[in-house]
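Each chain, written out:
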Amino acid sequence: MKITSPRRIVGSNAERTRLHNRQVVLGHVSEQQPVGRAELARISGLSTQAVSNIIAELVEDGFLAEAGRQVAGRGLPALQYRLNGHGAAALGIEVRPDAMFGALVDLEGETLFTTRIALTDSAPASVAAAAREIRAGALVARPMKNQRLLGAGVVMPGPFGNVGISGAGQSALQGWGETDATALFEEALETAVIVENDATAAAVAERVRGVASGLRTYCFIYFGAGLGLGMVADGEVQRGAFGNAGEIGHVVVTPGGRQCACGNRGCLETYASRIAARTELAAAGIELASASDIERLYHENNPALMAWLDAAAAPLSQAIGMIENLFDPETVILGGAMPNAVLDHLIGGLSLAGGSVAVRPGRKTPRVMRGACGRLTAALGGAALVIHDTITPRIAAKT
Ligand SMILES: [Zn+2]
């Protein structure tokens, strides 16, 4: 599929400067709240008059609310401002080959609505129809009917564009070829859309609400249909030149090993992924319908599932060692469309290499952790990306 630039900036220079200054003020309020206009002017470098104008606009638009007065020195106590949590919300949607997940998250990160819609196929028309259904449900569920929809973060499995591993088997969405995903979703959802890969969105969700809160550099191994890697370095998402960084599923861990749909042999995805679990179980005559089937089989100690878990441990350990030495993360998080019990079992079964840059005295976080956001992690991440874009100034917008 094609992705039109998700970071496009439109409008005149004056308009871009205005939007940038709004983001600067929102960003400082979200970090310092409650905060007054003189303090905002001091930390932003904008004039008090400019800050006053922006605050008036943001209050009018429902982004900021007054938060009482604070006595500071002589004179009238200064009026304080905070984010108006319920004033605006973002939609997050995850598209998987067999289902779509939706979440509505407000400006302060509170989840207002979640849903799951089963897909009989993942063709663009079916996905667009389900997206419209998610939007309608979210709008009905809003606690306040005047709540502004900031936009939508739509999360899909990569790779994006025509590359050597495009359409690689069951983990890819079929029939998207030259579809302009951003345009399709903007029309279906009637709002601005950011399209992001699932692993990156999951990594962002863990930073906003999960186990990566407070971390600046970490990686997230995402179990979708296939396997993806989200990377955050010094607080910034790493996307690569074409949005395809982190295709860890197609890294070869066993030369000459199992045949992968991408054409390689021995890809990590053929050992440690839902596809691999499905293949192992199908060979034992068991059809997997959903993640809850995996959970049930796990609690039944199903021999085929246990055999898959055993076989996945070494390739996954090897990949984590590779990730550590390449990116030097504070931790590697495992999560996505796998039951917590199975993720915990996978983590417990790892034999991590002693020869790794991650082995050092005084570690504050474990080398590997399980994500806290569960099966909605990517959808929540989609919404978090929109909120992040709303309150974080983009460097490109400064000029
Ligand atoms: Zn492959």
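Per chain, residue numbering runs from 1 following the sequence as it is written. Residue-level local features of this predicted model are given only where pLDDT is at least 70; pairs of side-chain atoms are given and counted only at 80 or more, and the full residue set underlies all totals for whole chains, interfaces and linings. Only heavy atoms go into the side-chain values, all of them from the structure, while hydrogens and water stay out.

- Looking up the chain in an unreviewed UniProt entry gives the name ROK family protein, with the organism given as Nitratireductor pacificus pht-3B.
- UniProt positions are given in the numbering used here, feature names are shortened, and annotations may be inferred rather than shown by experiment. Looking at the chain in UniProt, the text filed under Sequence similarities (unreviewed entry) is "Belongs to the ROK (NagC/XylR) family."

### Considering the coordination of the zinc ion
Line of reasoning, step 1. Distances decide who is a donor: an N, O or S atom must be within 2.8 Å of the metal, or within 3.2 Å for Na, K and Ca. Water is not included, so sites may look incomplete. Donor atoms from the polypeptide that bind the zinc ion are His 250 (ND1), Cys 260 (SG), Cys 262 (SG) and Cys 267 (SG), placed at 2.0 to 2.3 Å.
Line of reasoning, step 2. Of note is the zinc ion, whose four donor atoms meet at the metal with angles of 103 to 125° in an arrangement that counts as tetrahedral.
Line of reasoning, step 3. Donor residues for the zinc ion, ordered by position in the chain, follow H-x9-C-x1-C-x4-C.
Line of reasoning, step 4. Exposure classes here rest on a 1.4 Å probe applied to the protein chains alone. A residue is buried below 20% of its type maximum, exposed above 50%, and partly exposed in between. For Cys 262, a relative accessible area of 16% gives the class buried. Angle rules define the geometry names used: all angles between 85 and 135 degrees makes four donors tetrahedral, while opposite donors over 155 degrees apart and all other angles between 65 and 115 make four donors square planar and six octahedral, leaving every other case irregular.

### A short note on the pattern of salt bridges
Line of reasoning, step 1. The rule for a salt bridge is simple: a side-chain nitrogen of Lys or Arg has to be within 4 Å of a carboxyl oxygen of Asp or Glu. As enumerated under the stated definition, the model contains 14 salt bridges in all.
Line of reasoning, step 2. Put simply, Arg 42 and Glu 39 hold a salt bridge, and the shortest N to O gap is 2.9 Å. Remark: Glu 39 and Arg 42 occur in helix α2 (residues 37-44); sequence separation between them is three residues, near one turn of the helix.
Line of reasoning, step 3. Between Arg 296 and Glu 300 there is a salt bridge, and its shortest N-O distance comes to 3.6 Å.
Line of reasoning, step 4. The exposure class assigned to Glu 300 is partly exposed, which follows from its relative accessible area of 48%.
Line of reasoning, step 5. One salt-bridge network, held together by shared partners, links Glu 15, Arg 18, Arg 22, Glu 57, Asp 61 and Arg 148. For helices the rule is a DSSP run of H or I covering at least 4 residues; for strands it is a run of E covering at least 2, with both sets numbered from the N terminus onward.

### Details of the packing of helix α1 (residues 13-32) against helix α3 (residues 48-60)
Between two packed helices, the angle of one axis relative to the other and the distance separating the axes together describe the packing.
Line of reasoning, step 1. For every element, the axis is a line fit to its C-alpha atoms; helices are fit only across the contacting stretch, and the angle between N-to-C directions ranges from 0 to 180 degrees. Close contact between α1 and α3 brings their axes to 10 Å; oriented N to C, the two are set at 80°. With respect to α3, the element α1 is oriented roughly perpendicular. On α3, the residues that touch Arg 18, Asn 21, Arg 22, Val 25 and Leu 26 of α1 are Ile 54, Ile 55, Glu 57 and Leu 58.
Line of reasoning, step 2. Throughout, the ten residues Ala, Val, Leu, Ile, Met, Phe, Trp, Tyr, Cys and Pro are labelled nonpolar, Asp, Glu, Lys and Arg are labelled charged, and all others, Gly among them, are labelled polar. In terms of residue class, the contact of α1 with α3 is built from five nonpolar, one polar and three charged. Orientation categories follow fixed angle ranges, with anything under 35 degrees roughly parallel, anything over 145 roughly antiparallel, 65 to 115 roughly perpendicular, and all other angles oblique. Only heavy atoms matter for contacts: two residues are in contact if any of them lie within 4.5 Å across the pair.

### Some remarks on the packing of aromatic side chains
Line of reasoning, step 1. What counts as a ring pair is set by centres within 6.5 Å for rings of Phe, Tyr and Trp (its six-membered ring), and what kind of pair is set by the plane angle: stacked under 30 degrees, edge-to-face over 60, tilted for all other angles. On inspection of all chains with the given rule, the structure shows two aromatic pairs.
Line of reasoning, step 2. Measuring from ring centre to ring centre gives 6.2 Å for Phe 220 and Tyr 222, while their planes differ by 35°; the resulting arrangement is tilted. The burial state of Phe 220 is the same as that of Tyr 222; both residues are buried.

### A look at helix α5 (residues 181-189)
Line of reasoning, step 1. All of the buried residues in α5 are Ala 181, Thr 182, Leu 184, Phe 185, Ala 188 and Leu 189. Down the axis, α5 shows its buried residues gathered within 160° of arc, on one side only.
Line of reasoning, step 2. In the core, the buried residues of α5 are packed alongside β4 (88-95), α4 (124-141), β7 (148-156) and β8 (193-197).
Line of reasoning, step 3. Under the rule applied, a polar contact is a pair of N or O atoms within 3.5 Å (in protein, one hydrogen donor and one hydrogen acceptor; residues adjacent in sequence only if both atoms are side-chain atoms). Two or three places before Thr 182, at the opening of α5, Asp 180 has a side-chain oxygen 3.3 Å from that residue's backbone nitrogen.
Line of reasoning, step 4. Positive backbone phi, at 55°, marks Glu 190, one or two positions downstream of α5. Of all possible arcs, the one meant is that of the directions from the helix axis to the C-beta atoms.

### With respect to the environment of Ala 372
Line of reasoning, step 1. In this structure, Ala 372 sits in the loop between β13 (368-370) and α11 (377-391).
Line of reasoning, step 2. When its relative accessible area of 51% is taken as the criterion, Ala 372 is described as exposed.
Line of reasoning, step 3. Considering only alpha carbons, one finds Ala 372 and Gly 355, 17 residues apart in sequence, at a separation of 28 Å.

### Some words on α2
Line of reasoning, step 1. Looking only at α2, the buried set comprises Leu 40, Ala 41 and Ser 44. Taken down its axis, α2 places every buried residue within 100° of arc, on the same side. Residues of α2 that are exposed and point over 90 degrees away from its buried face: Ala 38 and Arg 42.
Line of reasoning, step 2. On its buried face, α2 is in contact with α1, β1 (35-36) and α3.
Line of reasoning, step 3. A positive phi of about 80° marks Gly 45, the residue just after α2.

### What about the sheet that holds strand β11 (residues 236-237)?
Line of reasoning, step 1. Pairing in this open sheet of five strands is mixed, and the strands run β11-β10-β9-β12-β13 from one edge to the other. Looking at strand neighbours, the two that pair on one side only are β11 and β13, the edges of this open sheet.
Line of reasoning, step 2. Here helix α6 (residues 198-208) sits on the sheet and contacts β9 (218-223), β10 (227-233), β11 and β12 (332-336); the angle it forms with β9, its principal contact strand, is near 125°. At least two DSSP bridges between two strands are required for those strands to pair.

### Points about the nonpolar core
The tendency in soluble globular proteins is for nonpolar side chains to be buried side by side.
Line of reasoning, step 1. Residues Ile 221, Phe 223, Trp 308, Leu 316, Ile 320 and Leu 334 are the most contacted members of the largest nonpolar core, which totals 37 residues.
Line of reasoning, step 2. At the level of secondary structure, the elements contributing two or more residues to this core comprise β9, β10, α7 (274-283), α8 (291-299), α9 (303-327), β12 and α10 (340-348).
Line of reasoning, step 3. In terms of residue count, the dominant contributor to this core is α9 (10 residues).
Line of reasoning, step 4. Aside from chain neighbours lying at most four places away, what touches Ile 221 is Leu 227, Gly 228, Leu 229, Leu 316, Ile 320, Ile 323, Val 332, Ile 333, Leu 334 and Gly 335.
Line of reasoning, step 5. Among the nonpolar cores identified, the runner-up in size contains 34 residues, and Val 29, Val 35, Ala 41 and Ile 54 belong to it. Joining through side-chain atoms within 4.5 Å is the link that ties buried Ala, Val, Leu, Ile, Met, Phe, Trp, Tyr and Cys residues into a set, and such a set is a nonpolar core.

### Considering the packing of α9 against α10
Line of reasoning, step 1. Contact pair α9 / α10: the axes reach a minimum separation of 9 Å and the direction vectors enclose 50°. With respect to each other, α9 and α10 are oriented oblique. You can see that α9 and α10 cross each other, and the crossing is right-handed. Mapping the contact onto sequence places Met 306, Trp 308, Leu 309, Ala 312 and Leu 316 in α9 and Val 342, His 345 and Leu 346 in α10.
Line of reasoning, step 2. Split by residue class, the contact of α9 with α10 holds seven nonpolar, one polar and no charged. Note: crossing handedness is left-handed where the near helix turns anticlockwise from the far helix by less than a right angle, and right-handed where it turns clockwise.

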